Amino acid sequence: MSIETKVIELEEVSIRFSGDSGDGMQLTGTLFSDTSSLLGNDISTFPDYPSEIRAPQGTVAGVSGFQIQFGNKKVSTPGDLAHVLVAMNPAAVKANAKFMMPGGTIFYDSDSFNQKNFEKAKFKTEDPFTELNLLDYNKVPVPITQLTREALKDLEIDNKSILRSKNMFALGLICWVFSRPLDYIEKYLTKKFGKKELVLESNLRVLHAGYNYAWNLQHMTPRYVVHPAPIEKGLYRNVNGNYATAWGLLAAAEKAGLELFIGSYPITPATEVLQALAERKDLGVKSFQAEDEIAGICTSIGAAFAGDLAVTSTSGPGFALKSEALGLSVMAELPLVVVNVQRGGPSTGLPTKTEQSDLLQTLYGRNGESPVVVVAASTPSDCFHYAYMSAKIALERMVPVVLLTDGFLGNGTEPWKVPKMAELPSITPRIAKDASKFQPYQRDPQTLAREWAFPGMDGFQHRIGGLEKDPSGNVSHDPANHQLMSEIRRDKVDRVVDMIPDLELLGEDSGDLLVVGWGGTLGHLDTAVREMHANGTKLSLAHFNYIKPLPANTAAVFSRFKNIVVCELNLGQFVGYLRDKLPEFKYHQFNKVQGLPFTIHELKDNFLKLMEE
Amino acid sequence: MPETLNYTLKDFKSENEVRWCPGCGDHAVLNGIQKAMANLGIRHEDFAVISGIGCSSRFPYYMSTFGFHTIHGRAAAIASGVKCANPKLTVWEITGDGDALAIGGNHFIHCIRRNIDLNIILFNNKIYGLTKGQYSPTTDRGFVTKTSPMGTIEDPFVPGRLVLGAGGTFFARCVDNNLKHSQEVFEEAAKFKGTSVVEVLQNCVIFNDGIHEAISDPKTREEHQIFLKHGEPMIFGNDRDKGLILDKGKLRVVKISEGGVKPEDILIHDTTDEDGFLHQSLISMKLPDFPVAMGVIRAVPSKVYDQAMEEQIAEAKSKSRISSVDQLLSSGNTWTVE
């Protein structure tokens, strides 16, 4: 006898995996995402984890989450609210109740719903769902711990290892619910644990146990089907922003015919950029884990002086420590890429949460008149492109470039159509050729970029440094020379405008409301504007990837709209910069500093209100 | 056939006017390093001189090599980047007691720990000269300066001990007014593979004149300094009649042929002794009980960071199936949308 299962077809669905930070939720989420990509869904993911590696078990502070949205059309965000929550303990329910779609489904490990864990999660009663007012939700208790134990009872493994494979049960279960085959996950586990037979066997068994359990009890829950998304033909892979950044820099080095040097210091959420490059010694990467943030940038400046494509990666607090040295690279006019994967600040702030609050620090946070080029990536995969372009600008214009990404982009993944090196724009470093005419601060009259000559190049011996120089490279304290050189350094950055594309609009060419954003908020702003458009609301989006200099047509675009609202995850940094640069326009602003991305819902609300005014 | 390079000191002088105070010890060190460079048989364009901030850090401007005058304390980190980016270069770092041991202390010890092949010339004048006379991390306790009007209340670093503590493989000492000896030491430092630290006892004629005089005065030089050479007995004195022995685990000055001391009792200097105990004792010797140790005190061949970095890259390249970015991007978990 079989029971008819209700199958629901959805355009997109959002799932949140949630448990203790030791429960393996990040891996569970990643494997589910990869499986969905392979099935042809578009995806967007968002790991949401605490800064403590293993906060006290069972507490709300220790909850680690991973949200994925996948769909049969373009998916630009991990979803405001989850349709389905997988909760490994009561704390996970408490931490995630606010991220649940009304009426959604909650699968939870009923074995962990006991007095001890209620207390740890600071529930006052023994009925967490009532306490959290989650009565209208579809709650599915699954004795995950007990079933995992049962599946492994004839294997000789310890209790700790048994508990560690609970996440595979949850993964198997969710795979059935969302009609995902297990073959990719099986392949992954075989590759990972191939040599540890017992570990492999136990993980596979538990995975299947979860899948079969859901199949057997299919009357309890609807089954969802999300069809593949129509996607451009080509070779795809999933990538997160940190890897895309690292690979963009590698691509730039290869294109420019240079070796890549990264001097860096581990810092959340940027560490993975250093790791991704350290993995690539086969491509000649010189990765140097420095003693501190300052040495990270300083070793890179040394490498730039010596003729490498030099980069350093960090997050806000580390960027602050690098300020003085960044000024040196401004003064020495050396090519350098600084990647700042922004997180919540100030000070240590919210290390694992996302924010866009380092913009002003990046633009202005140095002594003296110290302009740098500022570029911002806007999706996990376009970190590749903007890292590549940052390197191109640095090498062709002999200027430091700061690439701003953020924790949301760095950790978030999406499918990415892999580019071919041959399709990428050329990069021509300004390596000096004629020793008889070389002077360190002699410039291209158009771009104002100086030439690059490094140790080992016969006849080009010269001295540079942090002291003000005259054009021939000699130290100069002459007042007029300092003004001249300051203006040249400013103009050199401004003239990068000829390398950057015009600002493009989503939506109408002109109208009542222009939504302005920059960097990592693109997915949310784009979705909100598209959805409102689809409902007949006329508004447009202008999203910035080049912050300094601004695209040449910025004022022309702004002038065609009655109202402009600048949305950003800080208290108004880009809007302040725009008020300074383009004071002729009136700007509204919409800001959020909660360590979280925007939600589509709050954006739409805000835009509607502005349009009604 | 390698080309013969007949450089002289002049080949390493830049056109810039040297602007240190007349009588400053830096002038002599500049000459010593230029002479040493001329003798090394290394192509001119393969030298890079990196400095931090301080009087001595103006050094690169007076050299005709590639030079980079950087920021306070960071020369060790910047020089590390230069050397790792291009290990073929001969990289010199010019620094002072404030630059290397105060604001740049972290980079100094970690550079030494890694054993990157740099030649660090540490000018020690026990004072901040460029900011006009404040105490430094090597200033003696109780010393009165502009920022210690009642005398300092902190003990100084002994640079050589710091080098040893950081796992240093090469340490040497010389005095600014002994040009010939300094030049020899600089050449030894340059030839050594690994981080070579040379402490130069240097006189600041304006803010700390005579601070090393008891050691450096040529008239008492032979009595107050001991010139150590690998494989040779530790003998000093105008009449070369004094030596060092180990007595109950400690160094002791003895007169040869007195009290039953035979020439063969005198310690033989071994720069390659990995265990730093004796080197530490030699570094710590001070007047009046001991002569101050000069020359190459420690030179222990060890694994060199920049070489190891090159080796790892070569190994990874030979083993990996990925040799281009196109291959990298299409490797691993990919799928094709038809």
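Residues numbered from 1 in each chain as written. Chains lettered and ligands numbered in written order. Predicted model: local features only at pLDDT ≥ 70, side-chain atom pairs only at ≥ 80, totals over all residues. Heavy atoms only, no water.

## Description of the overall build of chain B
Thinking step 1. Across its full length, chain B carries eleven helices and twelve strands.
Thinking step 2. For a compact globule of 338 residues, the expected C-alpha radius of gyration is about 20 Å, and chain B comes in at 22 Å, within 12% of that figure.
Thinking step 3. In chain B, 66% of the contacts between residues at least 6 apart in sequence involve partners at least 24 apart.
Thinking step 4. Carbon and sulfur atoms form 51% of the exposed surface of chain B, whose accessible area is close to 14,800 Å².
Thinking step 5. Side chains of chain B give 36 positive and 42 negative charges; the mean places of these two sets differ by 2 Å. (Helix = DSSP H or I, 4+ residues; strand = E, 2+ residues; numbered from the N terminus. Rg over C-alpha atoms; globule rule 2.2 N^0.38 Å. Contact = heavy atoms within 4.5 Å. Areas by Shrake-Rupley, 256 points an atom, 1.4 Å probe, with all protein chains shown as cover. Lys, Arg positive; Asp, Glu negative; His and termini not counted. Charge placed at Lys NZ, Arg CZ, Asp CG, Glu CD.)

## Quick look at the domain arrangement of chain A
Residue and element names in this part refer to chain A.
Thinking step 1. Taken domain by domain, chain A consists of domain 1 (7-225), domain 2 (237-423) and domain 3 (505-612).
Thinking step 2. Relative to domain 3, the C-alpha centre of domain 2 lies at a distance of 26 Å.
Thinking step 3. At the junction of the two partners, domain 2 supplies 30 residues and domain 3 supplies 23 residues.
Thinking step 4. Each partner contributes to the roughly 2,100 Å² buried at the junction of domain 2 and domain 3, and carbon and sulfur atoms together form 62% of this total.
Thinking step 5. When the area that domain 2 buries against domain 3 is broken down by residue, the three leading residues are Q356, L359 and S378, summing to 29%.
Thinking step 6. Run the count over domain 2 and domain 3 and you get zero salt bridges.
Thinking step 7. Our count for the contact surface shared by domain 2 and domain 3 stands at 13 residue pairs in polar contact (both at pLDDT 80 or more).
Thinking step 8. Put simply, the parts of the chain that give the side of domain 2 that touches domain 3 at least two residues each are α15 (359-364), β14 (373-376), α16 (382-397), β15 (400-406) and α17 (407-411).
Thinking step 9. The element contributing the most residues to the side of domain 2 that touches domain 3 is α16, with five residues.
Thinking step 10. Within the side of domain 2 that touches domain 3, the residues separate by chemical class into 18 nonpolar, seven polar and five charged. (Domains from an automatic or database assignment. Buried area = accessible area lost by both parts, 1.4 Å probe. Salt bridge = Lys/Arg side-chain N within 4 Å of Asp/Glu carboxyl O. Polar contact = N/O pair within 3.5 Å; in protein donor to acceptor, adjacent residues only side chain to side chain. Nonpolar A, V, L, I, M, F, W, Y, C, P; charged D, E, K, R; others polar.)

## Notes on the interface of chain B and chain A
Thinking step 1. Between chain B and chain A, the residue contacts involve 60 residues of the former and 70 residues of the latter.
Thinking step 2. Carbon and sulfur atoms make up 65% of the area that chain B and chain A hide from each other, which totals about 5,100 Å².
Thinking step 3. On the chain B side of the contact with chain A, F66, L329 and W335 of chain B bury the most area, a combined 17% of that side's loss.
Thinking step 4. Here chain B is connected to chain A by one salt bridge.

## So, the packing of aromatic side chains
Residues and elements named next belong to chain A.
Thinking step 1. The final tally for this structure, using the stated rule, is 34 aromatic pairs over all chains.
Thinking step 2. On the basis of an interplanar angle of 55 degrees and a centroid distance of 4.9 Å, the ring pair of Y108 and F129 is categorised as tilted. Taken together, the residues Y108 in strand β6 (residues 100-109) and F129 in helix α4 (residues 128-131) connect sequence positions 21 residues apart.
Thinking step 3. Classification of Y108 as buried rests on a relative accessible area of 12%.
Thinking step 4. A connected cluster of aromatic rings, assembled from ring pairs, spans W518, F544, F558, F574, Y577, F585 and Y587. (Phe/Tyr/Trp six-rings, centres within 6.5 Å; stacked < 30°, edge-to-face > 60°. Buried < 20%, exposed > 50% of the residue type's maximum accessible area, 1.4 Å probe, protein only.)

## Some thoughts on the sheet that holds strand β10 (residues 250-255) of chain B
Strands belonging to one sheet form pairs held by backbone hydrogen bonds; the direction of such a pair is parallel or antiparallel.
Residues and elements named next belong to chain B.
Thinking step 1. Pairing in this open sheet of three strands is antiparallel, and the strands run β8-β9-β10 from one edge to the other. Both edges of this open sheet fall to β8 (235-236) and β10, since each of them pairs with a single strand only.
Thinking step 2. Alignment of strand β9 (residues 242-247) against β10, held across six bridges, turns out to be antiparallel. Note on β10: the bridge partner recorded for L246 is L251. (Pairing = 2+ DSSP bridges.)

## Side note on the domain arrangement of chain B
Residues and elements named next belong to chain B.
Thinking step 1. Once the domains are mapped, chain B shows domain 1 (9-232 + 270-306) and domain 2 (233-268).
Thinking step 2. Between domain 1 and domain 2, the C-alpha centre-to-centre distance is 28 Å.
Thinking step 3. With 16 residues of domain 1 at the interface, the matching set in domain 2 holds 15 residues.
Thinking step 4. Run the count over domain 1 and domain 2 and you get one salt bridge.
Thinking step 5. A salt bridge links K242 to E223; the shortest N-O distance between them is 2.3 Å.
Thinking step 6. In this assembly, domain 1 and domain 2 are joined by four residue pairs in polar contact (both at pLDDT 80 or more).
Thinking step 7. Among the elements that line the side of domain 1 that touches domain 2, the one with the most residues is helix α9 (residues 277-284), at four residues.
Thinking step 8. Across the side of domain 1 that touches domain 2, the residue classes tally to eight nonpolar, three polar and five charged.

## A few points about the side chain of S36 of chain A
Residue and element names in this part refer to chain A.
Thinking step 1. Positionally, S36 belongs in helix α1 (residues 25-38).
Thinking step 2. A residue is classified by how much of its surface remains accessible, and S36, at 0% relative accessible area, is buried.
Thinking step 3. Beyond its immediate stretch of four places on either side in the chain, S36 contacts N41, I43, I68, F70 and R180.

## Considerations on the nonpolar core
Residue and element names in this part refer to chain A.
Thinking step 1. If you look at the biggest cluster of nonpolar residues, it comprises 174 residues, and the most contacted ones within it are F558 and F574.
Thinking step 2. For F558, the residues in contact, after removing those within four places along its chain, are L503, L514, V516, F544, I564, L578, L582, F585 and Y587.
Thinking step 3. Judged by nonpolar contacts, the second largest core, of 42 residues, contains V13, I15, I144 and L207. (Core = buried A, V, L, I, M, F, W, Y, C linked by side-chain atoms within 4.5 Å.)

## Looking at the sheet that holds strand β11 (residues 286-289) of chain A
Thinking step 1. The mixed open sheet is built from seven strands, whose spatial order is β11-β10-β12-β13-β15-β14-β21 (chain A). With partners counted over all chains shown, the strands left at the sheet margins are β11 and β21 (546-548) of chain A, one partner each. Strand-to-strand twist across the sheet, computed as the mean angle between neighbouring axes with direction ignored, equals 20 degrees.
Thinking step 2. Where β14 of chain A and β21 of chain A come together, two bridges link them in antiparallel fashion. Across the sheet, residue V374 of chain A finds its bridge partner in β21 of chain A, namely K548 of chain A.
Thinking step 3. Where helix α2 (residues 75-85) of chain B meets the sheet, it contacts β10 (260-264) and β11 of chain A, and its direction lies at approximately 155 degrees from that of β11 of chain A. (Axes fitted to C-alpha atoms, helices over the stretch in contact; angles between N-to-C directions.)

## Re the side chain of T362 of chain A
All names here are of chain A.
Thinking step 1. Within the fold, T362 resides in helix α15.
Thinking step 2. By relative accessible area, which is 0% here, T362 ends up buried.
Thinking step 3. Residues in contact with T362, not counting those within four places in the same chain, are F319, N340, V372, V374, V402 and L404.

## What to know about unusual backbone geometry
Residue and element names in this part refer to chain A.
Thinking step 1. Across the junction of T268 and P269, the peptide omega takes the value 0 degrees, indicating a cis bond.
Thinking step 2. With respect to the secondary-structure elements, P269 resides in the loop between β10 and α11 (271-278).
Thinking step 3. Of the consecutive residues G345 and P346, the connecting peptide bond is found in the cis state with omega at 5 degrees.
Thinking step 4. Positive phi, close to 50 degrees, is recorded for M398, a residue that is not glycine.
Thinking step 5. By the secondary structure assignment, M398 is in the loop between α16 and β15.
Thinking step 6. Looking at M398, the relative accessible area reads 0%, which means it is buried.

## What about the environment of V338 of chain A?
Residue and element names in this part refer to chain A.
Thinking step 1. Along the polypeptide, V338 turns up in strand β13 (residues 336-342).
Thinking step 2. Through-space distance from the C-alpha of V338 to that of S315 is 10.0 Å; in sequence the pair is 23 residues apart.
Thinking step 3. Excluding residues that lie within four positions of it along the chain, V338 makes contacts with I297, T312, F319, L326, V401, V402 and L403.

## Regarding the pattern of salt bridges
Thinking step 1. This model, assessed by the stated rule, comprises 37 salt bridges over all chains.
Thinking step 2. For K153 of chain A, the salt bridge goes to E150 of chain A, with nearest N and O atoms at 2.9 Å.
Thinking step 3. Of the charged contacts, one joins D117 of chain B and K193 of chain B as a salt bridge, the two residues approaching to 3.6 Å between their closest N and O atoms. One end of the pair, D117 of chain B, is in the loop between α4 (105-114) and β4 (118-124); the other, K193 of chain B, is in the loop between α6 (179-191) and β6 (196-201), and 76 residues separate them in sequence.
Thinking step 4. By relative accessible area, which is 46% here, K193 of chain B ends up partly exposed.
Thinking step 5. Salt bridges here are not isolated pairs; linked through shared partners, they connect R16, D48 and K353 of chain A.

## Observations regarding the pairing of β9 of chain B
A regular strand places its side chains on the two faces of the sheet in alternate fashion.
All names here are of chain B.
Thinking step 1. Strand direction decides the pairing type here: β8 and β9, joined by two bridges, are antiparallel. Of the residues in β9, the one forming a bridge with F236 is K242.
Thinking step 2. In sequence, β9 turns back onto β10 through a hairpin of two residues, with K248 there showing a positive phi of about 50 degrees.

## Comments concerning the packing of α1 of chain A against helix α7 (residues 166-177) of chain A
Residues and elements named next belong to chain A.
Thinking step 1. Direction vectors running N to C along α1 and α7 enclose 30 degrees, while the axes themselves pass 10 Å from each other. Relative to α7, the element α1 lies roughly parallel. Helix-helix and strand crossings are classified by hand; for α1 and α7 the assignment is right-handed. In this structure, α1 contributes M25, L27, T28, L31 and F32 to the contact, and α7 contributes N167, M168, L171, I174 and C175.
Thinking step 2. Its residues assigned to classes, the contact of α1 with α7 shows eight nonpolar, two polar and no charged. (Parallel < 35°, antiparallel > 145°, perpendicular 65-115°, else oblique. Left-handed = near helix turned anticlockwise from the far one by under 90°.)

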